[in-house]
Amino acid sequence: MSARRRLSLGERLVIAAPYLWIGAFFLAPMLLVAKISVSQSALARPPYRPIFEFSDSLADIWSKAQNFTLDSYRALISDTLYVESYLSSLTIAAVSTLITLIVAYPFALAMARAPERMRPILIGLAAAPFWTSFLIRVYAWIALLKDEGLINNALIALGVISAPLQMFATPGAVVVGIVYSYLPFMLLPLYAALERQDPSLREAAADLGASPAQVFLRVTLPLSREGVIAGALLVFIPAVGEFVIPDLLGGSETLMIGRTLWNDFFSNHDWPAASAAAIALVALLMIPLLLWERARLREGERAQ
Amino acid sequence: MNAPLLSITNVSKKFGAVVALEDVSLHVGAGEFFALLGPSGCGKTTLMRCIAGFESPDSGTIALNGLDLSGVPPYRRPVNMMFQSYALFPHLNVFENIAFGLRRKGETRDAIEARVSELLAMTQLSNFGHRRIDELSGGQKQRVALARALAPRPKMLLLDEPLGALDRKLREETQFQLKEIQRLMQTSFVIVTHDQDEALALADRIAVMRAGRVEQVAGPMEIYDKPATRFVAGFVGETNFIEGRLERNGGAAALVAEFGRIPCEPCDLPDGARATLSVRPERIGVAREGEGIAGLVENFVFRGETTLLRVRVAENVVLRAAAGYGERHAIGDPVRLSFPPDAGALLAEEPGDEGRNERAAQ
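Residues numbered from 1 in each chain as written. Chains lettered and ligands numbered in written order. Predicted model: local features only at pLDDT ≥ 70, side-chain atom pairs only at ≥ 80, totals over all residues.

Caption draft 1: Structural detail: the pairing of strand β2 (residues 18–29) of chain B. Pairing geometry for strand β1 (residues 4–15) of chain B and β2(B), over eight bridges, is antiparallel. Bridging across to β2(B), B:Pro4 finds its partner in B:Gly29. (Pairing = 2+ DSSP bridges. Helix = DSSP H or I, 4+ residues; strand = E, 2+ residues; numbered from the N terminus.)

Caption draft 2: View of the packing of helix α2 (residues 94–104) of chain B against helix α4 (residues 138–150) of chain B. All names here are of chain B. At a minimum axis distance of 7 Å, the contact between α2 and α4 shows a crossing angle of 30°. Put simply, α2 runs roughly parallel to α4. Taken as a pair, α2 and α4 cross one another with a handedness that is right-handed. Contacts between α2 and α4 pair Val94, Asn97, Ile98, Phe100 and Gly101 from the former with Val144, Ala147 and Arg148 from the latter. (Axes fitted to C-alpha atoms, helices over the stretch in contact; angles between N-to-C directions. Parallel < 35°, antiparallel > 145°, perpendicular 65-115°, else oblique. Left-handed = near helix turned anticlockwise from the far one by under 90°. Contact = placed C-beta atoms within 7 Å.)

Caption draft 3: Representation of the sheet that holds β1(B) in the model. Residues and elements named next belong to chain B. Ordered by their spatial adjacency, four strands build an open sheet running β2-β1-β4-β5, and the pairing between neighbours is antiparallel. Of all strands in the sheet, those bounded by a partner on one side alone are β2 and β5 (67–68). The pairing of β1 with strand β4 (residues 59–64) spans five bridges and is classified as antiparallel. Counterpart to Thr9 in the pairing with β4 is Thr61.

Caption draft 4: Seen up close, the interface of chain A and chain B. On the chain B side, the residues contacting the 16 residues of chain A number 18 residues. Partitioning the side of chain A that touches chain B into residue classes produces nine nonpolar, four polar and three charged. (Nonpolar A, V, L, I, M, F, W, Y, C, P; charged D, E, K, R; others polar.)

Caption draft 5: Seen up close, the domain arrangement of chain B. All names here are of chain B. Domain parsing of chain B yields domain 1 (4–230) and domain 2 (231–348). Contacts between the two partners involve 14 residues from domain 1 and, on the opposite side, 12 residues from domain 2. Those elements that provide at least two residues to the side of domain 1 that touches domain 2 are β9 (205–210), β10 (213–218) and α7 (220–225). A breakdown of the residues in the side of domain 1 that touches domain 2 according to their chemical character gives six nonpolar, three polar and five charged. (Domains from an automatic or database assignment.)

Here it is in structure tokens:
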């Protein structure tokens, strides 16, 4: 390691900028939500107690903090609605992530193996959905999936089915919506990982007797691990907390934590419960991230 | 030579409009160390990739042990390749890299363990089995690549510029190791190289290639002493090209150049034919006086065991001659150059050959 050098003020500011950004726009709101989550629900405006005032002395704040309660967190565990919402969210997100991976991998592979001058065009096409509103694209799926939608009408016209299939307002519709919406987030890290791979590695594997399937399983796939993990996290984490897609496509039957949270907040005006649900969700999502970080660190140590 | 293990017959290959191989025919014997030598773009790598199965020839056949390989995918060919970039698997350790080919063959755990240990020992990597690839030095990677390619006991090992990425000192050491390993393994090695020293040092026989064609196939000494074409003479080692007219007088022959008469060995060329004689600098005798062609030392370079002189023998002809150790010549000294009859190789005039041989003397 090089000797430590005192940083100039300018350098410190540059380094501090992202931390300040995260502090102001992520950490501070997070603390606010955490505070509400341990407050008591009340019929008031805002609907929780205690409220800190700017005029509070430290002693006031301390005495008010005595009123903090973990009731909202207890409710998360005891209320089956929350437990079911979490489990259903995790299941839907996990299934969606898996399907997204399976759908995206061949695309990413084809992009990475396409002639070099074609690749920027293909990346552009992969990102093309971003040019239209996310909301409109999800609405479009209603037109496709509903009972008298395009898919059902086409199938009936072809005589494949006689009565429309119930596709709209099911968990399956939510999975379809998530897979469709998040595909680019899986595709791009996968493409990046596959495009980096040295083609001579595949030739070497084939030369040593690996059939095309073995080359894929033994070389291509393991070497794309970083891309698979990055893509899976980019899809899974927002999918767990997804609100718009289950709200539009899921119908009233599909429980997802994002919707439960929204209902608590806006319909039940139970801010502490909603805040506790949000904090618990963040904690839940940190676990896979931390595990991944730890695995990476361990690998890094081994490489030393 | 033993019965040919590899037979390449009339192989041609084009990439678009670029001719990579043109009517190449070669044979490599079992247990032979064979070199494909040529400048970059001569088709040597394409030929190797055709043998490995990564490219398929447009026409002609490649047969191993008499079995036509066309249509056989790389993973079913009993031929392994050591890649120029080594192409070691970064997600596997040294042991698993070497074991890769054995696992694909479905060998037992014990057999794999034994074979990998044997190869690790042979390549002096015994304590490196658990190392990751990115923890190895260049020389160690090179040895892992060699061990990995040898592990499945291929009938033939292809080596693409195996020493290209090593520094000079390591290269010489590795040449000896490679020769030793080849001798122990009794496997045919086919090496692709643009380095004439490497080819001369390692190979039993060398095919010199140019522009998709094989110019000459012969042992290293014959390639050096009796190059078949002007290109081979110029590409392998240093040489002087002396142009003149052949004069045959019974059994004896001589080349009459503008600056004198140089005796040469009997040949098939008719009397009076235009010909070029390729003479290596060290085959020209240098003396202060006596018989021989007179010239003036124009310049010299001390090279340790010899001193390379540039001797002007005519107004527009400068020859390079190597004076032995201990002989001192100064710029401007008059010298006499003598040519033993077997010093040179007589080359028939080829159309359009002029100016192609950058390495050769004018």
